[in-house]
Amino acid sequence: MNIPGTDGFETYPLMNNYGYPELELIRGEGLSVYDDSGREYLDFTAGIAVCNLGHAHAGVTEAVVRQAGTLIHTSNLFRSSLREDLARRLLKLSELDKVFFCNSGTEANEAALKLARRHAWSQGEQTRTKLLSLPNSFHGRTYGALSVTDKPAYHEGFTPLLPDCVCPQSVEAVLDAIDQETAACVVEVIQGEGGVRPVDADLLQAIEQRLHDVGALLIVDEIQTGVGRTGTFFAYEQAGLHPDIVTMAKGLANGIPIGAVLATATVAEAFSPGSHGTTFGGNLLAMAAATVVIDTVSQPEFLKRVREVGEYFGQQLTTVAKDVSGCGLMWGMTVENAGEYVRQARDKGVLLTAAGGQRVRFVPPLIVSERDIDTVLARLF
Ligand SMILES: *Cc1c(COP(=O)(O)O)cnc(C)c1O
């Protein structure tokens, strides 16, 4: 596909799956990013809910520089007290028992789906292979994660997908589909890519109950909602869930690639030496960055601020925008044309992302203040 009127596209060396972005950002600090002409933008994308502590965060920078000058990578053939300490911190926050580190969200979900199937298999239940997901879900782009993603456009040209993945078209139908063949159901507490749509907590709890009744697992995808984004460390805490498996990525290392799968001891046992692996997963650079992120975000005072500022944001946005939904510092609103809205916001010095054709998403760094929110809303409305 050529983009009419876009100079330079013919010689652009990158594949076309992101089109031809116009803006180059060369520097950031806190909430601000700057283009090559020195123009400032307030970044309410945070690298798609990644840079939770803001850009060029001193603590993260210091930890990454120190680690890069010490040892970047050794592989999982060797122990790392940094990795083990980080795992213990995550387990304490989640009340789960074991961690597997990888490099991205889709990889975390891929590992979670494999773990769920292998758990059933290791219990002698070879026919328990069904993987369920919710309508409007997004879980990533690798074949497993894509197969539990309810977005026909993302499937186009890639079928056949993974067998035994079922995505019923209502949450009630998900309940009906949970049976003795079900290995797991994967859910988001707030559907991020799906337009910042919270899923009803009662329905999520009913799904959990039904899964546990039939001996199947609940996987909560906290890739976007985790690491304080919704005002608690995990969003599932607010929904009153007790997942068997939790996946994390995005905000976990403030921009250094990372993913993590957390599981109960019984479920984690399904992975034995050699059954799953990764070269880069758990690499020391990501571990060093994530340690700073976790130590900062898990502070009760920090999370309380996210809830306060988030509530203010939601209130203010509701007074000016349509169909506002979200929680903490994750909000969405409905507009006529999300792509066009995002372009116009950029020209006003605000970076936003679309989450569907008519939904605009606000996921600023968690260090955002009420004043920053006032500034952004004044520029937009
Ligand atoms: C972004 C996202 C993913 C995929 O993560 P990647 O790091 O892009 O592979 C999966 N699930 C949810 C809920 C996400 O927001």
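Look up a bit, the structure's there.
Residues numbered from 1 in each chain as written. Predicted model: local features only at pLDDT ≥ 70, side-chain atom pairs only at ≥ 80, totals over all residues. Heavy atoms only, no water.

Chemist: Requested: an account of the layout of surface pockets, with residues and values cited.
Modeler: The volume enclosed by the second largest pocket comes to roughly 760 Å³. Of all the secondary structure elements, the ones that give two or more residues to the lining of the second largest pocket are helix H3 (81-94), strand S4 (98-102) and strand S12 (259-263). In terms of residues, the lining of the second largest pocket owes the most to one element, H3, which gives five residues. Along the lines of polarity and charge, the residues of the lining of the second largest pocket split into 13 nonpolar, nine polar and six charged. (1 Å grid on protein atoms, 1.4 Å probe; cavity = no way out; pocket = protein on both sides within 12 Å on 5 of 7 lines; lining within 4 Å. Points joined across faces, edges and corners; volume = space filled by probe spheres on them. Helix = DSSP H or I, 4+ residues; strand = E, 2+ residues; numbered from the N terminus. Nonpolar A, V, L, I, M, F, W, Y, C, P; charged D, E, K, R; others polar.)

Chemist: How would you explain the packing of aromatic side chains if you had to name every residue and give the values?
Modeler: Taken as a whole and judged by the stated rule, the model has seven aromatic pairs. Ring centres 5.1 Å apart and planes at 20° place the aromatic pair phenylalanine 234 and tyrosine 236 in the stacked group. For the pair phenylalanine 234 and tyrosine 236, a shared accessibility class is recorded, and that class is buried. Members of the aromatic cluster, connected to one another through ring pairs, are Phe44, Phe313 and Phe362. The residue whose ring lies beneath arginine 27 is tyrosine 34, and the NZ or CZ to ring-centre distance is 4.2 Å. Directly above the ring of tyrosine 154 sits arginine 141, whose terminal nitrogen or CZ lies 3.7 Å from the centroid. (Phe/Tyr/Trp six-rings, centres within 6.5 Å; stacked < 30°, edge-to-face > 60°. Buried < 20%, exposed > 50% of the residue type's maximum accessible area, 1.4 Å probe, protein only. Lys NZ or Arg CZ within 6 Å of the ring centre and 35° of its normal.)

Chemist: I'd love a proper account of a negative patch on the surface, names of residues and values included.
Modeler: Residues Glu172, Asp176, Asp200 and Asp202 make up a contiguous surface patch of negative charge. Within the secondary structure, glutamate 172 is located in helix H7 (residues 171-177). Classification of glutamate 172 as partly exposed rests on a relative accessible area of 46%. (Patch = residues over 30% accessible without salt bridge, like charges linked within 9 Å, V, L, I, M, F, W, Y side chains within 5 Å. Areas by Shrake-Rupley, 256 points an atom, 1.4 Å probe, with all protein chains shown as cover. Salt bridge = Lys/Arg side-chain N within 4 Å of Asp/Glu carboxyl O. Lys, Arg positive; Asp, Glu negative; His and termini not counted. Charge placed at Lys NZ, Arg CZ, Asp CG, Glu CD.)

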